[in-house]
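Take a look at the letters that make up each chain.
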Amino acid sequence: MTKIYEDLSLLIKRSKLTFIILGVILFLVLAFYWKIQIWDHQKYWKMAEANHLRSLPIPAPRGLIYDRQKIILADNQPSFKVSWLKESIKTDNQIIEPVSQLLNLRPEELKSRIERYRWLQSFEPVIIKDNLKLEEVAVIEARKEEYPELQLQVEPRRFYPFGSTAAHVLGYLQEISPEELKSNPGRKWRRGEMIGKSAVEKQYDDYLTGQAGQLIETVDSQGRSLGEVNRIEPIKGRDLILSIDLDLQKRAEELLQEKEGAIVVLDPRTGECLAWVSSPSYDPNRFITRFSPEEWLSIISDPGRPLENRVIRGQYSPGSIFKIVTALTSLETGIVSDRTTFFCSGSINLYGQDFACWFKPGHGSLNLPEAIKNSCNVYFYQLGRRLTVDAIARYARILGLGKATGVDIPGEKDGLVPSTDWKRKVQGETWFPGETISVSIGQGPVLVTPLQVAALTACVANRGMKIRPRVTRVDDQKTPEQERTGLDSDIFEKIIEGMWRSVNEGGTGHGAYQPGFEICGKTGSTQVISREKAEKMIERGEEPAKTHSWFSGFAPRNDPRIVVTVLVEFGGMGGQTAAPLAGEIFKVYREKYVRQANLQGN
Amino acid sequence: MLDRRIFREIDWTTILLMVLISAIGIIFVHSAIYYQASQYVWKQILWLAVSLAVLFVLLLIDYKVLLSFAFPFYVLMNVILAGLLIFGRRIANTRSWLVFGPFQFQPSELTKLAVILLLARLFSSYKEEQMSFRAFLLSSGLVGLPFILIALQPDLGTALTFVPVLLGAYILAGLPKKYVILILIVSLLAGLVGWNYGLKDYQKKRIETLLVPGQDPRGAGYQLQQSKIALGSGGLTGKGYHKGTQSQLRFLPARQNDFILAVVGEDLGFLGILVVFGLYFIFLYRLFMATQASPDRAGVYIAFLAAMLIGCQFLINVMMIVGLFPITGIPIPFLSYGGSSLLSNFLIVGLVINIKMRRFAYVRF
């Protein structure tokens, strides 16, 4: 061995000694644990049992929703709810039975309610009944000692003072589902919380939702409160001001009563919607309970589909409204000028097929503005014959059809703008020129939502400036979202000329005429009807109307302030049904806003 | 350079003990936060795997090579700590974290390793029976610098874990009585000044709580009270795995970190505590006895300082949660949740294993 080890015995001795000291201390500490865990076990066991702290959420009021005149459309009301607080949520029948009797609930219902939340941490309250009547509150309060697991609480409950008015703008609340709770661990949602499930309540849920407070109290092993320890007050959600004008909204809803359809009124300068009607409507107050599934079922199974927001989710054939797009395409591509005339004899034979004008005797010889005024089909067949469907599709897209408008209400549908590509991909067939003839007057596979038509009308009214519709007020500081289409404003003037004549010179839109208000508009009637609907109407003993009725227009001609789009399902000819309704809205608007402005101006 | 024979000498028992204690830790972190996302558990399992891998890499390198880099390593860690103080982002009110994407790392943990290596290097050629004043000052200063840098983060708990290391160096080098008196006077003065100027209010509260327990059960004494209730109500056999009401009700704060043993004590009772103490006793015994298996002076220092670091952290934590020591935020090595401390503890024990592996001087004829 060449290596001689160092003498480290002194160090090793010190190390051993240290370990012995450490070991002795550890042993003494262990003895202390023995004292706490074995000797004083009873004492601490009682403390653990008797001295629980419990934290209860204090729900925060949601922000209020106002119309543009600061009238409250969505309010909060105090309401009583009762929660189940059995510490371990044991579902023993001994307690389920009397409690369900006390609350007038079916035992199975109560049980399933508690079961639904089993997966969540215990000791958090499970709401078992809400919107209690005062008598029920009194009964529970009186038997508080008997049922310490029942917890009465006041919560701010959403209340819509005008019931079904503007329901499709406001939306409704429903209890958050366990699935939503599980899939959003990042959000601080609580079980039983009411969240926005549609329209503005959903879109602006984060904005409207406040921050829940917290109440910490000591409770005994039976769950009885022994006093408050700490309280964090809830913070109310932020208020939201809509662009809706309640007066206009109410009037528009009256006009659509007993009818199925949609009305949109918007300001073409900003895109702000003043009225938004989808008929039939529903009363959102009825969903603000966490329970009564029967009622919910009756609403979702209603054949009139009151929950469907027809303004953005109803996809309809545009009918003659689409002639605006065909006319624009023709003028822009230069195949005709506004002075080009065609002769309408009441029908025309193209590609070996007869295409009829809606006016059997025929319009005779007319130019483009006259063709728009009279909504002459033959004139537009002549245009369709000279255009490709892809050219029409291109301009339809530029004008905003075929994709959602981007309004601040969720669930918007895209509509459909057909093209040769689309047909090849979706139907696997080539496009026939005869189909272009149909598309040129808005028949065929074209689909639009009423809001898209309103946005299209606003774009025409703005002479080519597209706006994004919205239901909330535009901030004064911010300019509204606008987008140029890049089309020549002269072209729009020529179409507006036709739309003006349609209303003011005895055209198809004459029903919308209001003396002293320069309204420009276009009617539409669609020949599409689902067989199902027609059969249902016959069943009800009604004459099945063959067409949906459209009118979309704006006013005043030179300084557009309002766009009105009306769709009445099975309303018959656009000129007969939709145009007078629109006229009524123009009238109300004029009385309220234009006169007001004049008075202020003078 | 690498002699295959050294691999026969790997101390598998110690490695097994470390893994076992870490596994118990992960099981009870899972119990402590049973109702929350299990990402804590997966993160800790990942850290354990990483730590084991790094440990084996460390074993390949002769500790004497590591010792030769002790000084630059020490300087680097102090530069990082100083940099953190100046540029670090505040996370949970301290500047202790380096952030790499989804992972966070506390350089203060790795600094422990650097300090142990540096002290061992310093004393490797120190053959006096008693410590000189120069050596006393030098070693105190070298430990004092990172201590202050970490205490300023502020992370007093981690800073305090350096004290047993320094204490270990004093003990091993043989501290004369007069210095003991000097230390007592200095620490008394520092205590007085610190009490009035240095300590935060909550830290004072914690010390007051220790002196007069139960006076303010909702404030500073709350944690202590809750951890004692958790332990005491556990009794002999406990309430069962993740059945403890104290921890499940979230009455017990920091239950996956500093108070993990209270969760063990509530779920498994005194028997569970006995098992943890037993495992730790064997573990510490092996660490302290590693000084006997060391070929040189530096090795003895490394083994002893590592044993002091881990032993004292364990001791302080088990005393802290029953109110025998102020609540300072010192976790139990291996058992408590925390990735960087797990890794640095594995590396520190890895050093000891490294020394034992190379205890024989193999001679080639």
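Counting starts from 1 at the beginning of each chain's written sequence and moves along it residue by residue. Written order determines the labels here, with chains lettered from A and ligands numbered from 1. Confidence filtering applies because this is a predicted model: local features only for residues at pLDDT of at least 70, side-chain atom pairs given and counted only at 80 or more, and all residues used for totals across whole chains, interfaces and linings.

Here's the deal with the overall build of chain B
Alright, step 1. Segments assigned H or I by DSSP are reported as helices when at least four residues long, segments assigned E as strands when at least two residues long, and all are numbered from the N terminus. Secondary structure summary: chain B contains 15 helices and 2 strands in total.
Alright, step 2. Any residue whose C-beta has 12 or fewer other C-beta atoms within 10 Å is treated as exposed, any with 20 or more as buried, and any in between as partly exposed, C-beta atoms being built from the backbone. Here chain B holds 365 residues, and the buried ones make up 47% of them.
Alright, step 3. Two residues qualify as being in contact provided that their C-beta atoms, derived from the backbone, are within 7 Å of each other. Long-range contacts, defined as pairs at least 24 residues apart, comprise 73% of the intrachain contacts of chain B with a sequence gap of at least 6.

Considering the overall build of chain A
Alright, step 1. Scanning chain A from terminus to terminus reveals 22 helices and 21 strands.
Alright, step 2. By sequence separation, contacts in chain A at least 24 residues apart represent 74% of the contacts at least 6 residues apart.

Considering helix α14 (residues 297-320) of chain B
Alright, step 1. Take the residue count of a helix, subtract one, and multiply by 1.5 Å to get its expected span. Taking 1.5 Å per residue, 24 residues should reach 34 Å; α14 of chain B reaches 34 Å between its end C-alpha atoms and fits that length.
Alright, step 2. For α14 of chain B, the buried fraction is high: 22 of the 24 residues fall into the buried class.

Observations concerning the confidence of the model for chain B
All names here are of chain B.
Alright, step 1. The score called pLDDT rates the predictor's confidence residue by residue, from a low of 0 to a high of 100. Looking at chain B, the pLDDT average stands at 82 and 82% of residues meet or exceed 70.
Alright, step 2. Under a pLDDT of 50 for its full length, residues 214-218 has, in the predicted model, 7 contacts with residues more than four places off or in other chains.
Alright, step 3. Two numbers describe this predicted complex: its pTM, 0.61, and its ipTM, 0.88.

Regarding the sheet that holds strand β19 (residues 520-526) of chain A
Residues and elements named next belong to chain A.
Alright, step 1. Pairing in this open sheet of 5 strands is antiparallel, and the strands run β12-β11-β21-β20-β19 from one edge to the other. A strand with exactly one partner marks an edge of an open sheet, and here the two such strands are β12 (273-279) and β19. Within the sheet, the average angular offset between the axes of one strand and its neighbour, ignoring direction, is 5°.
Alright, step 2. Pairing between two strands is assigned when DSSP locates at least 2 bridges connecting them. Pairing analysis gives 7 bridges linking strand β20 (residues 548-555) to strand β21 (residues 562-568), with the strands arranged antiparallel. Bridge pairing in β21 places F554 opposite V563. Here, axes are lines fitted to C-alpha atoms. For helices the fit covers the stretch in contact, and angles between N-to-C directions go from 0 to 180 degrees.

What to know about helix α15 (residues 339-357) of chain B
Alright, step 1. In this model α15 of chain B runs 26 Å from its N-terminal to its C-terminal C-alpha over 19 residues, within 8% of the 27 Å that 1.5 Å per residue would give.
Alright, step 2. When you tally the buried positions in α15 of chain B, you get 18 out of 19 residues, the bulk of the element.

Focus on the packing of helix α4 (residues 70-87) of chain B against helix α5 (residues 107-123) of chain B
Residue and element names in this part refer to chain B.
Alright, step 1. Relative to each other, α4 and α5 sit at 150°, their axes nearing to 9 Å. Looking at the two axes, α4 sits roughly antiparallel to α5. As for the relative orientation of α4 and α5, their crossing is left-handed in sense. Here A70, F71, F73, Y74, M77, I80, L81 and L84 of α4 come into contact with α5, specifically with P107, S108, L110, T111, A114, V115, L117, L118 and R121.
Alright, step 2. Here the nonpolar group is Ala, Val, Leu, Ile, Met, Phe, Trp, Tyr, Cys and Pro; Asp, Glu, Lys and Arg are the charged ones; every other residue, Gly included, is treated as polar. Classifying every residue of the contact of α4 with α5 by side-chain character gives 14 nonpolar, 2 polar and 1 charged. Angular relationships are summarised with four words: roughly parallel below 35 degrees, roughly antiparallel beyond 145, roughly perpendicular across 65 to 115, and oblique for the angles in between. Here is the rule for handedness: rotate from the far helix to the near one, and if that takes an anticlockwise turn smaller than a right angle the crossing is left-handed, while a clockwise turn gives right-handed.

Looking at unusual backbone geometry
All names here are of chain A.
Alright, step 1. The amide bond that connects S279 to the next residue, P280, takes the cis arrangement and shows omega of 0°.
Alright, step 2. Counting through the fold element by element, P280 comes out in the loop between β12 and α11 (293-300).
Alright, step 3. Residue A555 is joined to P556 through a cis peptide bond whose omega torsion reads -15°.
Alright, step 4. Following the sequence through the fold, P556 ends up in the loop between β20 and β21.
Alright, step 5. Residue A166 is not a glycine yet carries a positive backbone phi of 60°.
Alright, step 6. When you line up the elements, A166 lands in the loop between β5 (150-159) and α6 (167-170).

Details of the packing of helix α8 (residues 162-173) of chain B against α14 of chain B
Residue and element names in this part refer to chain B.
Alright, step 1. Taken N-terminus to C-terminus, the directions of α8 and α14 make an angle of 135°; their axes are 8 Å apart at the nearest point. Here α8 lies oblique to α14, going by the angle between them. The handedness of the crossing between α8 and α14 is right-handed. Contacts between α8 and α14 involve P164, V165, L167, G168, A169 and L172 on the former and, on the latter, Y301, F304, L305, M308, L309 and C312.
Alright, step 2. Residues of the contact of α8 with α14, tallied by class, amount to 11 nonpolar, 1 polar and no charged.

Observations regarding the environment of I96 of chain A
Alright, step 1. Looking at the secondary structure, you find I96 of chain A in helix α3 (residues 93-103).
Alright, step 2. Residue class for I96 of chain A comes out partly exposed when judged on the 19 C-beta atoms lying within 10 Å of it.

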